[in-house]
Amino acid sequence: MVSWVQTLLFVSVLFPVLMECKIRHYNFSVVLKNTTRLCATKPIVTVNGKFPGPTLYAREDDNVLLRVTNHVQYNVTIHWHGVRQLRTGWSDGPAYITQCPIQPGQNFLYNFTLTGQRGTLLWHAHISWLRTTMYGAIVILPKKGVPYPFPKPDKEKIIILGEWWKADTEAVVNQATQTGLPPNISDAHTINGHSGPVPNCSSEGAYTLHVGNGKTYLLRVINAAVNDELFFKIAGHDLTVVEVDAAYTKPFKTNTLFLGPGQTTTALLTADQGIGKYLIAVSPFMDTVVAVDNLTGIGFLRYNHTFAFTPTTLTGIPPVNATSVTSVFSESLRSLNSKEYPANVPLTIDHSLLFTIGVGINPCATCFNGSRAVAAINNVSFDMPTTALLQAHYYGISGVFTDDFPAKPLIPFNYTGTPPSNLQTMNGTRVYRLAYNSTVQLVIQGNSILAPESHPVHLHGSNFFSVGRGVGNFDPGKDPQTFNLVDPVERNTVSVPTAGWTAIRFRADNPGVWFFHCHLEVHTTWGLKMAFLVDNGKGPNESILPPPSDLPQC
């Protein structure tokens, strides 16, 4: 008789990956927590009473079972930003897109597998503006025994950038919705929940990164800010970028990181300067006339054995409109494109799309000045449904959405030139339908209506390759000749330059309904969003799984 030990050994040899994958259990309790920042206290929405929230740790191909229980007065959902959610769209998290929200007193078990992913991502609330305080890191380690494709660091550190409002942000967005005016900007930028000293609050605490001389640290930097693209610098120290959005890159050295909301950058830091204290600076980028929180968030890198009153080594920050810094950083990013981690860029295209993005003005009888600020893709401002799109698609519920989202602007114009006189947009709950495994080239074109602006856009359910970018109007005859189809950076969120364009390519190999939107929350609120509907393929392995029994109801 074959012993159970022999059987186990046989199975582990035959199916080694199955033996390595684990089920990771987490419990997230959404609770209010009185929190003091900027010398003022207010209740904030947190997970497990922590701000920032707890880190989700797992390995590539692990299954995550995470129960979220809602103990606050608001409806909540959580989005696992950048997780592919292969066939598990029910766990993606955007309210009224893939699920109805978790109502007060209710709970929901998010269930997903981290298939073929490793690196740094983030989770955050995905309803209203709750993500101002409800966010945290996702760290996906390589499979056991698989090394990093870069020198092994001595330690790893998580650095989450954010924004802080003194006011209740739900009141801020509600007031903006009622008046039709832009919402108030934030009062500070934070590093791991702390802004450092600010005007009128010199006692505000700061994050300190403690390092040992000669040691190398892997910094997992996350921009969880709501509306601001950010620069990140450490005085006297260079950073070597090795991964963005959980995709390995060719290493490159820089003294300044640039991250839009929702983006992550993992970089190596070698503590090779003299013992002392060095400034960490987080500052905003805005190269147009739009108002921005211009306060610099402050932290410190401190070497072990540094004396208590050692003066801080300072650093200059990029100008707020440092477009060239953002361009150099963005254009330095390249996929690793190795044998182990290839860049599988689609070379033939089934759908060639042009999406213009920007803001507009619609009439509003009850609003201040009789008008409302809006935003749109191809002049369509998205109307949020009251039934989740994925449920409507799966169960064939009619009247919730239409699948006629325009593949290109219905009325072409000089997108980055003199804007048209009519600033109004159309409204609709419209999706763009894709056959399973079809390939997409999407050119995202910023426009100059009211004010051109840099837009970080995020695609749920898929990574994409950023194959080109430029300033001005996209030229379909010339610009594709400059596309990088060999080793373009792979991302889930990419910045479209002010009055410019970005071209991305992806394969629609994940059945479901996938949100596509600007990750500036103000623009999402105004309607700069849509969804791709990816049909099932052939057989169960190319079809979305059935909905879980505890899926929240609207």
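Higher on the page you've got the structure.
Keep in mind that what you see is a predicted model, and the values were worked out from it rather than measured.

### Some remarks on the packing of aromatic side chains
Consideration 1: For the structure shown, the criterion picks out 30 aromatic pairs.
Consideration 2: Look at Y26 and F28: their rings are 6.4 Å apart centre to centre, the planes differ by 80°, and that puts the pair in the edge-to-face class. The pair formed by Y26 and F28 is uniform in burial state, with each residue classed as buried.
Consideration 3: For the ring pair F355 and F532, a centre distance of 6.1 Å and an interplane angle of 10° mean the geometry is stacked. Separated by 177 residues along the polypeptide, F355 in strand β21 (residues 351-363) and F532 in strand β33 (residues 529-534) bring together distant segments of the chain.
Consideration 4: Judged by its relative accessible area of 0%, F355 is buried.
Consideration 5: Judged by its relative accessible area of 2%, F532 is buried.
Consideration 6: Each member of the aromatic cluster is reached from another via a ring pair, and the members are Y26, F28, W80, F108, Y110, F112 and W123.
Consideration 7: Cation over ring: K277 sits above F300, and NZ or CZ is 4.8 Å from the ring centre.

### Some thoughts on the pairing of strand β11 (residues 207-211)
Consideration 1: What you see with β11 is a clean split: Y207, L209 and V211 sit on the buried side and T208 and H210 on the side with no burial.
Consideration 2: Note that β11 and strand β19 (residues 297-303) share five bridges and pair parallel. Within β19, the position partnered with H210 by the bridge is R302.

Conventions and cut-offs
Residues numbered from 1 in each chain as written. Predicted model: local features only at pLDDT ≥ 70, side-chain atom pairs only at ≥ 80, totals over all residues. Heavy atoms only, no water. Phe/Tyr/Trp six-rings, centres within 6.5 Å; stacked < 30°, edge-to-face > 60°. Buried < 20%, exposed > 50% of the residue type's maximum accessible area, 1.4 Å probe, protein only. Helix = DSSP H or I, 4+ residues; strand = E, 2+ residues; numbered from the N terminus. Lys NZ or Arg CZ within 6 Å of the ring centre and 35° of its normal. Pairing = 2+ DSSP bridges.

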